[in-house]
Every structure is written in C-alpha cells, then in structure tokens.
Amino acid sequence: GKELPFTQIKEETAKHFNEKNINTVFSLMNERDREMIVMHYINDLNYGEIAKIMKKKEGAVRTSLSRALNRFKILYNKLYEEKLLRLQQLGLHFRK
C-alpha cells in the first residue's frame, strides 16, 4: 500500500480523531471521573473548589482526579492504537 510518514497521518487524522475520540472516551467513563476532569481541565477549577462542590477533602480530590486522568489516558490511547491499526489495515502504512 501507499506509505505515508507517521507525522502526515497524525496531522491528517488529528483534528477529527481528537474531537470525536475525546467525546467517545468521556462517554465510556463514569460520571464522577468525567465531571472531575471537566471541572479541573475545562472549567479551570482548582482542587479546593472541586472539593467544596463534591463535598470531599482536597487530598481525596487530588487522588481521584489523578486516577480519573490515568483512566482517561488509558482509554484514549487504546482508541488511538485501534485507529492506527485500522489505518494500517486499510493499506495506509506509515513510518515513525
């Protein structure tokens, strides 16, 4: 098949992939994890503010948010790897 440099495939698919798969990952996560990530990374709330909203201790929020972000990264990377495998199966081979 046609061989494309990895960066070119990454650029061609990044826009569509990022928006679509971030939403897909959020839909696969539990509500608490999703809410914490949105509050901290999108709404820019600090740990103390999130702790008040969730009625938790700040340390517990830090730990929960760290774990939620790790779960997000694992799911996102799994989807990304599957996307690259599908591109390879379609004959779009790439090199790093």
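Parameters at a glance
Per chain, residues are indexed from 1 in the order of the written sequence. Thresholds applied to this predicted model are a pLDDT of at least 70 for local features of residues and 80 or more for the giving and counting of side-chain atom pairs; totals over whole chains, interfaces and linings are not thresholded and use all residues. Hydrogens are left out, water is left out, and the side-chain values use all remaining heavy atoms of the structure. Note on conventions: DSSP H or I runs of at least 4 residues are helices, E runs of at least 2 residues are strands, and numbering of each starts at the N terminus. When a residue's accessible area, from a 1.4 Å probe over protein chains only, is under 20% of the maximum for its type it is buried; when over 50% it is exposed; and in between it is partly exposed. In this description, contact between two residues means that some pair of their heavy atoms is separated by no more than 4.5 Å. An axis is simply a line fitted to the C-alpha atoms; with a helix, the fit covers only the stretch in contact. Between two such axes, the angle follows the N-to-C directions and lies from 0 to 180 degrees. Every angle not falling under 35 degrees, over 145, or within 65 to 115 is termed oblique; those three ranges are roughly parallel, roughly antiparallel and roughly perpendicular. Note that Gly is not counted as nonpolar here; it falls among the polar residues with everything else outside the nonpolar set of Ala, Val, Leu, Ile, Met, Phe, Trp, Tyr, Cys and Pro and the charged set of Asp, Glu, Lys and Arg. The salt bridge definition used is simple: a Lys or Arg side-chain nitrogen within 4 Å of an Asp or Glu carboxyl oxygen.

With that out of the way, let us pick up the side chain of Ser-64. Relative to the elements of secondary structure, Ser-64 occurs in helix H4 (residues 58–89). Taking the relative accessible area as the measure of exposure, Ser-64 reaches 10% and is therefore buried. The contact partners of Ser-64, leaving out residues within four places of it in the chain, are Arg-32, Met-36 and Lys-56.

The next thing to look at is the packing of helix H2 (residues 31–42) against H4. Put simply, H2 and H4 touch, their axes get as near as 9 Å, and they point 105° apart. It follows that H2 is roughly perpendicular to H4 by the angle criterion. Here H2 contributes Arg-32, Asp-33, Met-36, Ile-37, His-40 and Tyr-41 to the contact with H4, which in turn contributes Val-61, Ser-64, Leu-65, Ala-68, Leu-69, Arg-71 and Phe-72. Considered class by class, the residues forming the contact of H2 with H4 number eight nonpolar, two polar and three charged.

What the rule picks out here adds up to three salt bridges. Of the charged contacts in the structure, one is a salt bridge between Arg-71 and Asp-33, with a shortest N-O distance of 2.7 Å. Of this pair, Arg-71 sits in helix H4 while Asp-33 sits in helix H2, and the two are 38 residues apart along the sequence. With a relative accessible area of 35%, Arg-71 lands in the partly exposed category. The salt bridge involving Glu-58 is made with Arg-62; its shortest N-O contact spans 3.6 Å. Of this pair, Glu-58 and Arg-62 are both found in helix H4, four residues apart, which corresponds to roughly one turn of the helix. Overall, Arg-62 belongs to the partly exposed group, its relative accessible area being 44%. A cluster of three or more residues bridged by salt bridges with shared partners is formed by Arg-32, Asp-33 and Arg-71.

Remember that the coordinates give geometry; whether it matters functionally is a separate question.
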